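Chain residues, written in single-letter form:
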Amino acid sequence: MKKIISLIKACMTSEMSLFKINLKHKSRISKIMIILFLCFAFMSMTASYSSMMLEKLAPFDMQYVVLSLFVFVISIFTFIEGIYKSGSLLFNCKDDQLLLSLPIKKSTVLFIRIFKFYVFELMFNSLFFVPLMVCYMIYTKVTASFIITSIVMLLLLPIIPIVLSCIIGTIITWLSGKFRFKNFAQIFITAIFLLGVFYLSFNIDSFIANIAQKAASVNELITKIYYPAGAYAKLAVDFHISDLLLFIVINLLIFIICIFGLSAFYFKINSNIKRVTTGSHKAIKKQNIKKHSQTRALVFKEFNTFFKIPVFIINAGWGIILFLIAAFAMCFKYDSFLKILTTSGVELGSIYQNVPLLVVLIVAVASFTTSITSSMISLEGRNYAIVKSLPVSSKRVLLSKVLAACLLTIPALLIGVFALAIKFKIDFITVLLIIGLTILMPLVSHFSGLIINLKFPKLQFDSPTEVVKQSISTFAALLFDFIVLIAMGYLLFKFADKSLNVMLLILTFIMGLIDFVLYLYLVKRGTRLFEDLTL
Amino acid sequence: MIEIKNVTKKYGSKKALDDVSFKIEDGDIFAFIGHNGAGKTTLIKAIMGIHDFDEGDILINGKSIKTDPISCKKIMAFVPDNPEMYENMKAIDYINFICDMYDVDEETRTNNIMKYAKLFAMDDKLNDPINSYSHGMKQKTVLIAALAHNPEILIMDEPFVGLDPKAVFDIKEVLNEMVKAGKTIFYSTHILDVAEKLCSKVGIIKNGKLIKVGTMKDIKGDKSLEKVFIELEETK
């Protein structure tokens, strides 16, 4: 046990170092303040949603439904996120050599990997679960047993989604290990799994309807779909120690079976994925040697990083892929789209009138959910010294990162916009304004993402997934983008009485202004932050 | 020429470099030696402009790395102690990337890459991804990238670690060739017998302070460099 604790401590040093409070360092205090602010922001959002629902359900004495619903939703999020995180968190980690050379059981190594994943998900889940608990306690008379149950629930909540996603992650890694181009195979197979999950969740109506007919209540319905969610609500209302113990045993058993089950294949798959394509040993030719401008070389370096890290592509590209699917679905499934809107009570005339706004909205959602730059500095890792030793200005290095991110997102967004503009015959001026916004909105996300990453770099990591999916930088960037998105929605609502083009013009101006301010900040302060980067 | 003027670098209250001053002329091979954690890499990173320092200045051919870093870096090349590179790239792409940064024309880079790739027996391996390389192959790749843009000053942090004897011999030949052409070489090392044979000047650093600097002949006298170093290390 002592050995395992030492291993966990060693493996999580970099994650935990941020929480070591040293009041002598101003930068650390400000980092902690920002982390606290981020936690507060996420928790406030959850608290407002949960209290809104609890308020509506309190008169019927059905507050417990919110508990099961939240547990269900949090678990689904953890599971979907886990599908594309688990493969790279479990396999081909930088500390493989060290851990595998130690005199410890193979299952212990796998346990450490999954435990690290668990701790992160536990922290993330707490942001949603703790405010829910507090709100529930405000709206319901609770006893000590509720607090005990909730603490147990919080600790067990990530286990089942993590176990499921680790199994899927292992299958994806095993399958992709069979291909010559493992990275592309991994991206392709993960995308198929994710699309499958999305397809199932959109076509689950008949399945749920079937259960609903047999379910006596909403709670029973959720329990039938996902046991822990219903079990928690049941324990909150009607506490029995035997039920709680059974609940704990079931979760722990699942976890233990997963560790021992996966460790039977883990090392074979891990060593298989390490086989590197060594190329053809062809001698270099003059054609291999070409001169390019500094900016082009820097942009292509970023492309190389982007396309060689599957989790980076899946995470950043997901918003764009969904946008393109939505845009082309609107174009080619035009009748179904109209039918959905008209059956939900929207008038046909107002649909045509509001299509440009809808286009802007989906472009905004795609732009502000695609934060590529928020991990670009961190992904330099120890290579930051190479870039800093080169005769190239920090400004050029940083702007090349923004340019690379723009080239990865804006052309795809423009394709979707053009398709929609042609299909819905949007007038020329409006199209121009939408194009302007399609360029300016991702820029806001890219500039802000890079600035945030410069403030919160994570240059030491065992797997790129820790940077792309689990760093403070990506969360802060996500929150910033979310705030901009909400503010944009508010502006659209505020200027609803203005004509469409005036509204778009105001938005374009505001986005342009934000871009300009962020650009100035990046060039002036961001370059200094980059120059001060150190491990 | 490298001129280090009263450079001090602090990590919190600890001085990693304490008022370090010395000069390396054109055509010198300068060996920088010291125990682990003495401050060698800190000074090298300060010379390369990788990190800042608190006091003093470093002049590269008369220009300050603090105020004119781009001009200084343009004439220098850096070989780090641990050959960290963009592992997902092919070696040839990495070398091309470094050459692009130094704005090297196609003819020069082609000649130099071909020349050094052949010298280090890497000509049939540069098309492979770096993550398939051994430590020594990575080190050779970093060296080819560093030499491909004809630097006037070569800064190396323990360059011989992990290299096979043939590669060590070849590097020594390249360094001698560079010195004959009037170029400056500064490198840190723990391999004292190589430094003794190869270098014209030596600096010894201990706990951030430069305790000896001068020509190899003056520093070691009749003794071996190893003996001088051990004696200095043992004195408080």
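Quick note: structure is the one above.
Note that the structure is a prediction, hence the values are computed from the model and not measured.

Parameters at a glance
Every chain is numbered on its own, with residues counted from 1 as its sequence reads. Numbering of ligands from 1 and lettering of chains from A proceed in the order in which they are written. Local features are withheld for residues below a pLDDT of 70 in this predicted model, meaning they are given only at 70 or higher, and side-chain atom pairs are given and counted only at 80 or more; totals for whole chains, interfaces and linings count all residues. Each side-chain value is derived from all of the structure's non-hydrogen atoms; neither hydrogens nor water enter the calculation. Each helix is a run of DSSP H or I of at least 4 residues and each strand a run of E of at least 2, with the numbering of both proceeding from the N terminus. Per-residue accessibility, obtained with a 1.4 Å probe over protein chains only, is compared with the maximum for each type, and a residue is labelled buried under 20%, exposed over 50%, and partly exposed between these values. Pairing of N or O atoms within 3.5 Å defines a polar contact, subject to two protein rules: one partner must be a possible hydrogen donor and the other a possible acceptor, and residues neighboring in sequence count only if both atoms are side-chain atoms. Every residue pair with non-hydrogen atoms within 4.5 Å of one another is taken to be in contact. Strands pair, by our definition, only if DSSP identifies at least two bridges between them. To get an axis, a line is fitted to the C-alpha atoms, and for a helix only the part in contact is used. The angle between two axes follows their N-to-C directions and goes from 0 to 180 degrees. Put simply, two rings from Phe, Tyr or Trp (the six-membered ring, in Trp's case) pair if the centres are within 6.5 Å, and we call them stacked under 30 degrees between planes, edge-to-face over 60, tilted for the rest. Take the buried Ala, Val, Leu, Ile, Met, Phe, Trp, Tyr and Cys residues and link them wherever side-chain atoms come within 4.5 Å; each set so joined is a nonpolar core. Any residue with relative accessible area above 30% and no salt bridge may belong to a patch, with like charges joined within 9 Å and the nonpolar Val, Leu, Ile, Met, Phe, Trp and Tyr side chains within 5 Å. Accessible surface area values rest on a Shrake-Rupley calculation with a 1.4 Å probe, where residue burial reflects the displayed protein chains alone. The term salt bridge refers to a side-chain nitrogen of Lys or Arg lying within 4 Å of a carboxyl oxygen of Asp or Glu. A positive count includes Lys and Arg, and a negative count includes Asp and Glu. His and the chain ends are not counted in either. By convention, charge coordinates are those of NZ in Lys, CZ in Arg, CG in Asp, or CD in Glu.

K.L.:
Break down the side chain of Gln63(A) for me, citing the residues and quoting the values.
P.N.:
Residues and elements named next belong to chain A. Among the structural elements, glutamine 63 can be located in the loop between α3 (26-57) and α4 (64-90). By relative accessible area, which is 6% here, glutamine 63 ends up buried. A polar atom in the side chain of glutamine 63 sits 3.1 Å from the backbone oxygen of tyrosine 139. Beyond its immediate sequence surroundings of up to four residues, glutamine 63 is in contact with Leu54, Leu57, Ala58, Tyr136, Tyr139 and Thr140.

K.L.:
Would you mind going over the sheet that holds strand β2 (residues 14-24) of chain B in detail, with residue names and values included?
P.N.:
Residue and element names in this part refer to chain B. Spatially, the four strands line up as an open sheet ordered β2-β1-β4-β5, and their pairing is antiparallel. In this open sheet, the two strands that pair with only one neighbour each are β2 and β5 (63-64). Across seven bridges, the pairing between strand β1 (residues 2-11) and β2 is antiparallel. Note that in β2 the partner of lysine 9 across the bridge is leucine 17. Strands in contact with helix α1 (residues 40-47) are β1, β2 and β4 (55-60); relative to β2, the strand with the most contacts, it is inclined by about 60 degrees.

K.L.:
Help me get a handle on the packing of aromatic side chains, residues and values and all.
P.N.:
All chains considered together, the criterion is met by 27 aromatic pairs over all chains. Seen from their ring centres, Phe22(B) and Phe30(B) are 4.8 Å apart, and the 5 degrees between their planes marks the pair as stacked. As far as the burial class goes, Phe22(B) and Phe30(B) line up, both buried. Seen in terms of ring centroids, Phe22(B) and Phe186(B) are 6.2 Å apart; in terms of plane orientation they differ by 10 degrees. Their pairing is stacked. Placement of Phe22(B) in strand β2 and of Phe186(B) in strand β8 (residues 184-188) is noted, with a sequence separation of 164 residues between them. Clustering of aromatic rings is evident, with ring pairs tying together Phe42(A), Phe120(A), Phe124(A), Phe128(A) and Phe475(A).

K.L.:
A description of the nonpolar core should follow, citing residues and the corresponding values.
P.N.:
As a rule of thumb, nonpolar side chains are buried together in soluble globular proteins. Tyr94(B), Leu126(B), Leu154(B) and Tyr187(B) are the most contacted members of the largest nonpolar core, which totals 152 residues. The element that contributes the greatest number of residues to this core is helix α19 (residues 394-423) of chain A, accounting for 15 residues. Setting aside residues no more than four positions away along its own chain, Tyr187(B) makes contact with Ile29(B), Phe30(B), Ala31(B), Phe32(B), Met156(B), Pro159(B), Phe160(B), Val194(B), Ala195(B), Leu198(B) and Cys199(B). Membership of the second largest hydrophobic core comes to 58 residues, among which are Phe70(A), Leu99(A), Phe267(A) and Ile273(A).

K.L.:
Tell me what's going on with a negative patch on the surface, and back it up with residues and numbers.
P.N.:
On the surface, Glu531(A), Asp532(A), Asp52(B) and Asp54(B) cluster together to form a negatively charged patch. Position of Asp52(B) among the secondary structure elements: in the loop between α1 and β4.

K.L.:
Pulling in residues and values, what's your account of the sheet that holds strand β6 (residues 76-79) of chain B?
P.N.:
All names here are of chain B. Strand order in this open sheet of six strands is β6-β7-β8-β3-β9-β10, and the pairing throughout is mixed. Across the chains shown, the open sheet's two edge strands, defined by having one partner strand only, are β6 and β10 (209-215). Averaged over all pairs of adjacent strands, the angle between their axes in this sheet comes to 15 degrees, without regard to strand direction. Bridge count for β6 against strand β7 (residues 153-157) is four bridges, and the pairing is parallel. What sits directly across from phenylalanine 78, in β7, is isoleucine 155. Helix α9 (residues 225-234) contacts β3 (29-34), β9 (201-206) and β10 of the sheet and is inclined by roughly 25 degrees relative to β9.

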